[in-house]
Amino acid sequence: MAKVLAVLSSGYTNEEHNYVTGWWAEELFAPALELEKEGHTVELASIDGGKPIVDPISISSDYDPTGIYKKQYESGIADKTMPIVNVKASDYDAIMIVGGHGAMFDLAHNEDLHAVINVVYETGGIVSAVCHGPAPLIYTKTKEGRSLLQGLKVTGYPNDKEPKEVVELLPFSLEDELDNIANYHEEKEHDAYVVWGSKQILTGRDPQSSELFGRELAQKLTQRTLQSEEKFTS
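Since the structure is predicted, the reported quantities are computational estimates derived from the model, not experimental observations.

About the cut-offs
Residues numbered from 1 in each chain as written. Predicted model: local features only at pLDDT ≥ 70, side-chain atom pairs only at ≥ 80, totals over all residues. Heavy atoms only, no water. 1 Å grid on protein atoms, 1.4 Å probe; cavity = no way out; pocket = protein on both sides within 12 Å on 5 of 7 lines; lining within 4 Å. Points joined across faces, edges and corners; volume = space filled by probe spheres on them. Helix = DSSP H or I, 4+ residues; strand = E, 2+ residues; numbered from the N terminus. Nonpolar A, V, L, I, M, F, W, Y, C, P; charged D, E, K, R; others polar. Phe/Tyr/Trp six-rings, centres within 6.5 Å; stacked < 30°, edge-to-face > 60°. Buried < 20%, exposed > 50% of the residue type's maximum accessible area, 1.4 Å probe, protein only. Lys NZ or Arg CZ within 6 Å of the ring centre and 35° of its normal. Pairing = 2+ DSSP bridges. Contact = heavy atoms within 4.5 Å. Core = buried A, V, L, I, M, F, W, Y, C linked by side-chain atoms within 4.5 Å.

Novice: Would you take a moment to explain the layout of surface pockets for this structure?
Specialist: A volume near 400 Å³ is recorded for the largest pocket. Around the largest pocket, the lining is made up of 20 residues, and of these Trp24, Ile57, Tyr63, His101 and Pro163 lie nearest the centre. When contributions to the lining of the largest pocket are tallied by element, the ones reaching two or more residues are β3 (19-21) and α6 (164-167). Ranked by the residues each element gives to the lining of the largest pocket, the list is headed by β3, at three residues. Class assignment of the residues belonging to the lining of the largest pocket gives a composition of eleven nonpolar, five polar and four charged. The computed volume of the second largest pocket comes to approximately 200 Å³. Considering the residues around the second largest pocket, the lining is formed by Met1, Ala2, Tyr92, Asp93, Thr123, Gly124, Gly125, Leu221, Arg224 and Thr225. Of the residues that constitute the lining of the second largest pocket, the class distribution is four nonpolar, four polar and two charged.

Below you can see the structure in the form of structure tokens.
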């Protein structure tokens, strides 16, 4: 089946404001489970490699009341990641950018990550991101010099959900930047929301959308794999 690269923030710390962030647990583990159910393989990468920093709030009782994501995190599943600079992008059928505020700090403008995203996209793979994960997609440029998301319908974490105590610490507004180059949509009526901007671009709105996001990606990859096998045998 398909091979998926999940990219995580290595983490960000602002000691002056006692602020620590990184990748969001549910946004890795929920989609990964959906992908693995379909028989796909998920491999992990981060900017620095090794064990990236999880946002501690994402495994707190407030956001993980059953402790399912904390248990997965503590099992060591995400302790070993490849440095993004060592990734052979052509090995992957899809890339999945995991959210969490950390993505806005170290993933957004990382040129090595942009290069990996471009290779996956240019070889016909799927580029996907959930919550704050679309941050690096905003700044990934095509060969023509435009944003990968330019003119597409997209979603991501909305301004009205950002914690007030964090807003001033963030490097930019994800919603505003997405809306500058794409057709940003939030879809408030649904608990979970994802959108295909094209047959290769998938974005999810927030942590609550993680399972749906993973299921959409998994099913599309399964469909592609079956179509590829049919062409090969015909």
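So much for the structure itself; the text now carries on.
Novice: What's the story with the packing of aromatic side chains in this structure? I'm lost.
Specialist: To describe a pair of aromatic rings, one takes the distance between the centres and the angle between the planes. Tallied over the entire structure, the rule returns six aromatic pairs. Measuring from centroid to centroid gives 6.3 Å for tyrosine 12 and tyrosine 19, while their planes differ by 65°, and the two rings are edge-to-face. Owing to a relative accessible area of 9%, tyrosine 19 belongs among the buried residues under this scheme. Ring-pair connections join several aromatic residues into one group, and the members of that group are Tyr12, Tyr19 and Phe105. Above the plane of the ring of tyrosine 92 lies lysine 3, whose end atom (NZ or CZ) is 5.2 Å from the centre. Over the aromatic face of tryptophan 196 sits the side chain of lysine 220, whose NZ or CZ is 5.0 Å from the ring centroid.

Novice: Mind showing me how you'd approach the sheet that holds strand β7 (residues 126-130) here?
Specialist: Paired through their backbone hydrogen bonds, the strands of a sheet run either parallel or antiparallel. Read from one edge of the open sheet, seven strands run β5-β4-β1-β6-β7-β11-β10, paired in mixed fashion. In this open sheet, the two edge strands, each paired with only one partner strand, are β5 (82-83) and β10 (194-198). Alignment of strand β4 (residues 41-46) against β5, held across two bridges, turns out to be parallel. When the bridges of β5 are listed, serine 46 appears paired with proline 83.

Novice: Looking at this structure, how should I read the side chain of threonine 203?
Specialist: Along the polypeptide, threonine 203 turns up in strand β11 (residues 201-204). With a relative accessible area of 1%, threonine 203 lands in the buried category. Apart from residues no more than four positions distant in its own chain, threonine 203 is found in contact with Ala129, Pro134, Val154, Thr155, Tyr193, Val194, Val195 and Phe213.

Novice: What's the story with the nonpolar core in this structure? I'm lost.
Specialist: Burial of nonpolar side chains together is a common tendency in soluble globular proteins. In terms of nonpolar packing, the biggest core is built from 69 residues, with Leu5, Trp23, Leu28, Ile84, Ile95 and Met96 touching the most fellow members. The biggest single contributor to this core is helix α1 (residues 25-37), with six residues.

Novice: It is not clear to me how the pairing of strand β6 (residues 94-97) should be interpreted in this structure. Could you clarify?
Specialist: For a regular strand, side-chain orientation follows a simple rule: the groups alternate between the two sheet faces. Covered by surrounding structure in β6 are Ala94 and Met96 together with Ile95 and Ile97, the residues of both alternating faces. Relative to β6, strand β1 (residues 3-8) runs parallel, the two sharing four bridges. Paired with leucine 5 across the bridge in β6 is isoleucine 95. Direction of pairing for β6 relative to β7: parallel, over a ladder of four bridges. If you follow methionine 96 over to β7, its bridge partner there is serine 128.

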